[in-house]
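Residue-level structure breakdown
Spelled out, the chains give:
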Amino acid sequence: MKQNKLGVFSFLFSFILITTFIDITLTRNAAIKQIKRDILTWQNYLYEAGLDIAYENLRFNNILIYPLIEVDNLQIYNLSGEHLWSLKTNKASFRLSWLGGKKIKADLGEQSVFVFDEKAHIINTPENALSINVNKEFGFNNLQLEFDNLEIKDFAKIKELVFALRHHQQADAGTALYPSFESHLEIKDVAINGLVQYPLTSKITRIYTKINLRGQINPEETFAPAVENWLHQGGFLEISNLIIQWNPLILVGKGDINFNESFAPRMYLKTSSKAMLELLEDLNKNELFERKGLFVARILLSNKSFKLRDNDKYLTVTTSIDYQDGKLNVESIPIMDLTP
């Protein structure tokens, strides 16, 4: 009797093990086929956005113990513009979760190179993690990118950087401008190199933003028509939360980013902050900013600043910050010209 039970148990265990192995193998094969189809689509999307990717030795693995995808010298770069740039990592690998195949995890390598106007910046990323949740058709649902102890050589060290992106399904949308994407970016404990010119102190405690993409961007044959349809339907980016803690500056705000027919951005922020006057004073010493505009903005803000508490060292002020037609404005006063 015991031998019969043991035999039945062994049979069931073997059956479950073999079935699971077959299911995982089929899932990996389906993922590889889908990814191969999607690569050209995404390359076309990037090309229409003025970007391109390059890579060497792209490898797909059906065997469970190996990464699903391995690639050497993965690079993204812009094709045109006033300033040329590229971001390159020597090795990257992507793994599919064993159970269910609903998550892809990536290792982006420990070092990358960012080139801007032919000047190279080495980026060390000893601890990084990229995870992408997908649906059964391997469509995108959620993405999370994390870096710990990130270092941009000769510029800054960042203790923690997290970026998360969530896709809201069409079925969730109650109105045409319901958020279709929700993103979070948080950067903590940034130590800026002492040789770099910067306002305020050399340490940024925290930067946090939550940005929602309002309106649906539906997949089209090409990227440009999808974005144009989104704009024509009133689509915009909503900055629902912005926090900056850069001693002595503390700033919170919210606003939105719109685009004109040429896809040029227009940003508007309503902010409340402490030590804004100190920031403008430091910026006044930097030749990149317009001295006349900074002088006028400081006068306007001085007249409306107040102490939130009697023992506050720095004044509090509510002000608007906007960007339009290549100009950065404070209280509608241009303080920096960013036109090419």
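The following refers to the structure shown.

So, how was this worked out
- Residues numbered from 1 in each chain as written.
- Predicted model: local features only at pLDDT ≥ 70, side-chain atom pairs only at ≥ 80, totals over all residues.
- Heavy atoms only, no water.
- Helix = DSSP H or I, 4+ residues; strand = E, 2+ residues; numbered from the N terminus.
- Polar contact = N/O pair within 3.5 Å; in protein donor to acceptor, adjacent residues only side chain to side chain.
- Contact = heavy atoms within 4.5 Å.
- Buried < 20%, exposed > 50% of the residue type's maximum accessible area, 1.4 Å probe, protein only.
- Arc of directions from axis to C-beta.
- 1 Å grid on protein atoms, 1.4 Å probe; cavity = no way out; pocket = protein on both sides within 12 Å on 5 of 7 lines; lining within 4 Å.
- Points joined across faces, edges and corners; volume = space filled by probe spheres on them.
- Nonpolar A, V, L, I, M, F, W, Y, C, P; charged D, E, K, R; others polar.
- Patch = residues over 30% accessible without salt bridge, like charges linked within 9 Å, V, L, I, M, F, W, Y side chains within 5 Å.
- Areas by Shrake-Rupley, 256 points an atom, 1.4 Å probe, with all protein chains shown as cover.
- Salt bridge = Lys/Arg side-chain N within 4 Å of Asp/Glu carboxyl O.

A few points about the side chain of E186
Position of E186 relative to the elements: it lies in strand β10 (residues 179–192). One polar contact links E186 to R206, side chain to side chain, over a distance of 2.6 Å. Not counting residues up to four positions away in its chain, the partners in contact with E186 are E160, L161, V162, R206, I207 and Y208.

Focus on helix α3 (residues 276–283)
Buried within α3 are the following residues: M276, L277, L279, L280 and L283. Looking straight down α3, one finds that the buried residues subtend no more than 160° of arc, so they occupy a single side. Of the surrounding elements, those touching the buried residues of α3 are β13 (249–259), β14 (265–274), α4 (291–304) and β15 (316–324).

Focus on the layout of surface pockets
Computed from the structure, the second largest pocket encloses a volume of approximately 620 Å³. Together, 21 residues line the second largest pocket, and I244, L269, L279, I321 and L328 are the ones closest to its centre. Sorting the residues of the lining of the second largest pocket by element identifies β11 (203–214), β12 (236–246), β13, β14, α3 and β16 (327–330) as the ones contributing at least two each. In terms of residue class, the lining of the second largest pocket is built from 20 nonpolar, one polar and no charged.

Some words on a nonpolar patch on the surface
Residues F295, V296, I299 and L300 make up a contiguous nonpolar surface patch of about 330 Å² in total accessible area. Tracing the backbone shows F295 in helix α4.

A closer look at the environment of F163
Along the chain, F163 falls in strand β9 (residues 156–167). Along the primary structure F163 and F147 are separated by 16 residues, whereas in three dimensions their C-alpha atoms are 9.0 Å apart. For F163, the residues in contact, after removing those within four places along its chain, are L143, Q144, L145, S183, H184 and L185.

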